[in-house]
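Structural overview for review
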Amino acid sequence: MSMIHVSTTVNGDEVEFLCDPRETLLDVLRDRLALTGAKEGCGTGDCGACSVTVDDRLVCSCLMLGAEAEGKSIGTIEGMADGEELHPLQEKFIEYAALQCGVCTPGVLVATEALLKKNPDPTETEVRYWLAGNLCRCTGYDKIIRAVLDTAADLRKAS
Amino acid sequence: MEYHTPGSFEDAATIAAKAEGVTRFLAGGTDVLVQLRADMVTPDVLIDIKQIAGVKDIAREEGGWRIGAAVAGAEMTEHTELGKEWPGVVEAMDLIGSTQIQGRATLVGNLCNGSPAADSVPALMAAGASVSVVGASGTRKVPVEEIPAGPGKTNLAKGEVISAVHLPVRGDNAGDAYLRFIPRTEMDIAVVGCGVSLRLDGPTVAEARVSLGAVAPRVLLVEEAAKAIIGTTLDEAALDALAAAASAACNPIDDKRGTIEFRTHVAGVLAKRAAKIAYERAGGAK
């Protein structure tokens with residue numbers, strides 16, 4: 001089987017890889033580009049642990065082929081912190097202990113960052129609906145929701 | 001698996017016509033990739049249509065709309081003008097899956113997946129939408145209700161591909177709505193879905209279309225239900241007749257999400273509620 005050559009951008013860096021046409025973007029990120037932040041929870045688009053942005057649009061990387069990344073701009077959890085400096089959402093998730101096992105956390109953070117870019121002042125209901133596709137089986141969501149709302153309030157004050 | 005990225009729908013149709021084995025078209029991939037990963041459907045030939053010009057466009061067309069085959073749900077929801085004219089269609093699409101799914105899932109994919117419970121399909125049928133089908137002999141426009149054939153099956157022939165959805169001119173004093181029943185608030189598959197689109201002449205319903213999902217092997221356009229409200233002011237008697245006609249059209253299955261009895265009853269309830277919303281949106285006072 002012939003491999004497909006793909007040129008794309010991941011977290012601002014130009015990247016090239018060869019992949020099998022059946023490989024998902026998640027497979028490529030984890031196994032070829034060593035970006036293991038995005039997780040495979042379900043592999044069917046239900047859990048959101050593999051959330052990334054593609055041209056600033058939030059998607060499940062398990063439901064996209066690596067070959068489809070050609071010419072796109074991919075954003076993953078690895079691009080969220082600025083060097084050693086954590087993103088305000090990451091800081092707040094630690095402060096609120098909005099995680100336990102951590103498997104869903106990268107996807108939740110990528111999803112909430114996308115939400116706050118689109119809507120800097122979401123209501124609790126809006127946050128809950130936005131995150132309906134990010135399943136957490138540990139914390140029960142409440143700390144996550146509070147961390148997101150508090151971050152949003154801080155960011156609004158700062159801007 | 002071969003992976004193709006044709007530059008036109010004609011080329012896509014030609015590749016599909018010549019393909020041997022299982023062929024799938026790829027737009028949003030939210031069904032195709034799930035089936036691929038679950039080893040339910042392993043395509044030998046996968047044809048990604050997203051490199052084709054115009055597939056991501058929502059454009060005015062003869063007073064109506066043309067929605068390209070790769071336009072995602074989120075792009076429809078963000079399009080305020082489309083949502084003003086066809087709120088039922090946009091809301092139906094928006095009910096599908098999560099934010100992440102909305103970033104990729106498409107109307108045409110929802111239609112071609114052939115699920116009787118597809119949320120956007122009853123709304124499209126009620127709206128009187130059609131699709132452009134590209135094949136070896138050219139392009140033809142086909143009403144949405146002629147596409148579904150049964151669970152997971154469409155009436156498209158080998159070598160045919162849908163390039164766009166067309167919504168008709170909305171016009172004045174008209175409105176549409178789509179409602180579904182699910183036992184949760186989000187992220188579920190319709191137990192029953194109902195789309196209604198109507199036009200008023202004063203307080204009287206002059207035109208109507210009613211469609212039901214998840215109550216038969218394929219999404220239904222229910223003419224008897226439309227007839228029950230045409231010529232009425234959507235009074236209680238008309239609503240009862242609408243509900244009776246909707247329930248009578250049902251031929252559902254029993255499964256873990258709903259019984260035959262429940263689905264048949266809920267179809268009538270949702271038809272009433274959707275008709276009231278469409279009536280209000282059309283400017284009728286209730």
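Please read these numbers as outputs of a predicted model, since none were measured by experiment. Numbers given to residues run from 1 along each chain, matching the order in which its sequence is written. Whichever chain is written first becomes A and whichever ligand is written first becomes 1, with later ones labelled in order. Residue-level local features of this predicted model are given only where pLDDT is at least 70; pairs of side-chain atoms are given and counted only at 80 or more, and the full residue set underlies all totals for whole chains, interfaces and linings. Only hydrogens and water are set aside when side-chain values are computed; all heavy atoms of the structure are taken into account.

**Details of a negative patch on the surface**
- Each patch is built from residues lacking any salt bridge and having more than 30% relative accessible area; the joining distance is 9 Å for like charges and 5 Å for nonpolar side chains (Val, Leu, Ile, Met, Phe, Trp, Tyr). Note on areas: Shrake-Rupley, 1.4 Å probe, and residue coverage restricted to the protein chains presented here. The salt bridge definition used is simple: a Lys or Arg side-chain nitrogen within 4 Å of an Asp or Glu carboxyl oxygen. For the purpose of counting charges, residues Lys and Arg are taken to be positive, whereas Asp and Glu are taken to be negative. His and the chain ends are not included. Charge placement uses NZ in Lys and CZ in Arg. For Asp and Glu, CG and CD serve respectively. On the surface, Asp-13, Glu-14, Glu-16 and Glu-70 of chain A cluster together to form a negatively charged patch.
- Each helix is a run of DSSP H or I of at least 4 residues and each strand a run of E of at least 2, with the numbering of both proceeding from the N terminus. Among the structural elements, Asp-13 of chain A can be located in strand β2 (residues 13-19).

**Some points on the side chain of Thr-99 of chain B**
- Positionally, Thr-99 of chain B belongs in helix α6 (residues 99-102).
- Under this definition, polar contacts are N or O atom pairs within 3.5 Å; protein pairs additionally need one hydrogen-donor-capable and one acceptor-capable atom, and for neighbouring residues in sequence, both atoms have to be side-chain atoms. A polar contact of 2.7 Å, which involves the side chain of Thr-99 of chain B, links it to the backbone oxygen of Trp-130 of chain A.

**Brief notes about the pairing of strand β6 (residues 130-135) of chain B**
All names here are of chain B.
- Per-residue accessibility, obtained with a 1.4 Å probe over protein chains only, is compared with the maximum for each type, and a residue is labelled buried under 20%, exposed over 50%, and partly exposed between these values. Taken across its 6 residues, β6 has 6 buried, putting it largely inside the fold.
- On β6, burial covers both faces: Ser-130, Ser-132 and Val-134 on one face and Val-131, Val-133 and Gly-135 on the other are all buried.
- Only when DSSP finds a minimum of two bridges between them are two strands counted as paired. When β6 meets strand β10 (residues 161-167), the two strands line up antiparallel, connected through 5 bridges. The partner of Ser-130 across the bridge, within β10, is His-166.

**Remarks on the packing of aromatic side chains**
Residues and elements named next belong to chain B.
- Ring geometry is summarised as follows: Phe, Tyr and Trp rings, the Trp one being its six-membered ring, pair when their centres sit within 6.5 Å, and such pairs are stacked at plane angles under 30 degrees, edge-to-face over 60 and tilted between the two. This model, assessed by the stated rule, comprises 1 aromatic pair over all chains.
- Considering the side-chain rings of Phe-181 and Phe-262, the 5.2 Å spacing of their centres and the 70° angle between planes classify their relative orientation as edge-to-face. In this pair, Phe-181 is assigned in strand β11 (residues 174-181) and Phe-262 in helix α11 (residues 260-281), connecting sequence segments 81 residues apart.
- Taking relative accessible area as the criterion, Phe-262 reaches 33% and is therefore assigned partly exposed.

**Quick look at the domain arrangement of chain A**
All names here are of chain A.
- An automatic or database domain assignment provides the domain bounds reported here. The domain architecture assigned to chain A consists of domain 1 (4-79) and domain 2 (88-158).
- One C-alpha centre belongs to domain 1, the other to domain 2, and the line joining them spans 22 Å.
- Residue-level contacts link 13 residues of domain 1 with 13 residues of domain 2.
- When two parts are brought into contact, each loses some accessible area as probed by a 1.4 Å sphere; the total of that loss over both is the buried area. Regarding the contact of domain 1 and domain 2, the summed buried area is about 960 Å², with carbon and sulfur atoms giving 67% of it.
- Taken as a group, Cys-47, Leu-58 and Ile-77 account for 44% of the area that domain 1 buries against domain 2, more than any other trio of residues on that side.
- Counting the contacts that link domain 1 with domain 2 gives 0 salt bridges.
- In this structure, the connection of domain 1 to domain 2 is made through 3 residue pairs in polar contact (both at pLDDT 80 or more).
- Considering each element in turn, the side of domain 1 that touches domain 2 owes the most residues, 3 residues, to strand β3 (residues 51-54). In what follows, residue pairs with any heavy atoms lying within 4.5 Å of each other are defined as contacts.

**Overview of the sheet that holds β6 of chain B**
All names here are of chain B.
- One open sheet accounts for 5 strands, arranged β4-β5-β10-β6-β7; its pairing is antiparallel. A single partner strand is all that each edge strand has here, and the edge strands are β4 (58-61) and β7 (138-143). Looking at each pair of strands side by side, their axes are set apart by 30° on average, direction ignored.
- One ladder, built from 6 bridges, connects β6 with β7; its direction is antiparallel. What sits directly across from Ser-132, in β7, is Lys-141. Structural elements are reduced to axes, namely lines fitted to C-alpha atoms, with helices fitted over the stretch in contact, and the angle between N-to-C directions of any two is expressed from 0 to 180 degrees.

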